[in-house]
Amino acid sequence: AEFQSFPFLEATGEAGAGLVKATATAKGELTALDIDPSIFREQDKEVVEDLILAAIKDAQRRAEGKAAEEMARLTRELGLPADMKMPF
């Protein structure tokens, strides 16, 4: 994976107006999950599951975006062409 050199980058995504929050690394690994207790009702089980998945996907997308920004910054600082592919 192109962004494995930035495992320290994390991003938090959310769903349901912040009722479910997930944090993932730039490598896409989930590191934290925060669920507001107000959504724990049996009849809302499927909605909660959907919110959890949406928050995880949002966190992964944001973390990948942060890694891409970091790669672009490093590329600029090294004076390399912006479209140059790094070997890692």
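1. Let's talk about the nonpolar core
By size, the foremost hydrophobic cluster in this structure holds 11 residues: Ala-15, Val-20, Ala-22, Ala-24, Ile-39, Val-48, Leu-51, Ile-52, Ala-55, Ile-56 and Ala-59. At the level of secondary structure, the elements contributing two or more residues to this core comprise β2 (20-25) and α1 (45-77). For this core, the element with the highest residue contribution is α1, accounting for six residues.

2. As for α1
Between its first and last C-alpha, α1 extends 48 Å over 33 residues, near the 48 Å set by a 1.5 Å rise per residue. By the burial criterion, the buried members of α1 are Val-48, Leu-51, Ile-52, Ala-55, Ile-56, Asp-58, Ala-59, Ala-63, Ala-67, Glu-70, Met-71 and Thr-75. Tucked inside the fold, the buried residues of α1 contact β1 (10-15), β2 and β3 (30-35). Of the residues one or two after α1, Gly-79 is the one with positive phi, at around 70°.

3. Here we look at the sheet that holds β3
With antiparallel pairing, the three strands of this open sheet are ordered in space as β1-β2-β3. Only two strands of the sheet have a single neighbouring strand rather than two, namely β1 and β3. Averaged over all pairs of adjacent strands, the angle between their axes in this sheet comes to 15°, without regard to strand direction. Summarising the sheet, β1 and β2 pair through six bridges and their orientation is antiparallel. Counterpart to Gly-13 in the pairing with β2 is Ala-22. Of the strands in this sheet, β1, β2 and β3 are in contact with α1, which crosses β1 at around 145°.

The rules we used
- Throughout this description, residue numbers start from 1 for each chain and increase along the sequence as written.
- pLDDT decides what is reported in this predicted model: residues at 70 or higher carry local features, side-chain atom pairs at 80 or more are listed and counted, and totals for whole chains, interfaces and linings draw on all residues regardless.
- Only hydrogens and water are removed before side-chain values are computed, so all heavy atoms of the structure are retained for them.
- We call a set of buried residues a nonpolar core when its members are Ala, Val, Leu, Ile, Met, Phe, Trp, Tyr or Cys and they connect through side-chain atoms within 4.5 Å of each other.
- Between buried and exposed lies partly exposed: a residue is buried under 20% and exposed over 50% of the maximum accessible area for its type, with that area taken using a 1.4 Å probe on protein chains only.
- By definition, any uninterrupted DSSP run of H or I lasting at least four residues is a helix, any uninterrupted run of E lasting at least two residues is a strand, and each is numbered from the N terminus.
- Helix span, expected: 1.5 Å multiplied by one less than the number of residues in the helix.
- Residue contacts follow a heavy-atom distance rule, with two residues in contact if any of their heavy atoms lie within 4.5 Å.
- Note: two strands are recorded as paired if DSSP finds a minimum of 2 bridges between them.
- To obtain each axis, a line is fitted to C-alpha atoms, and for helices this fit is confined to the stretch in contact; angles are then taken between N-to-C directions over 0 to 180 degrees.

In short, shape yes, function no, at least from these values alone.
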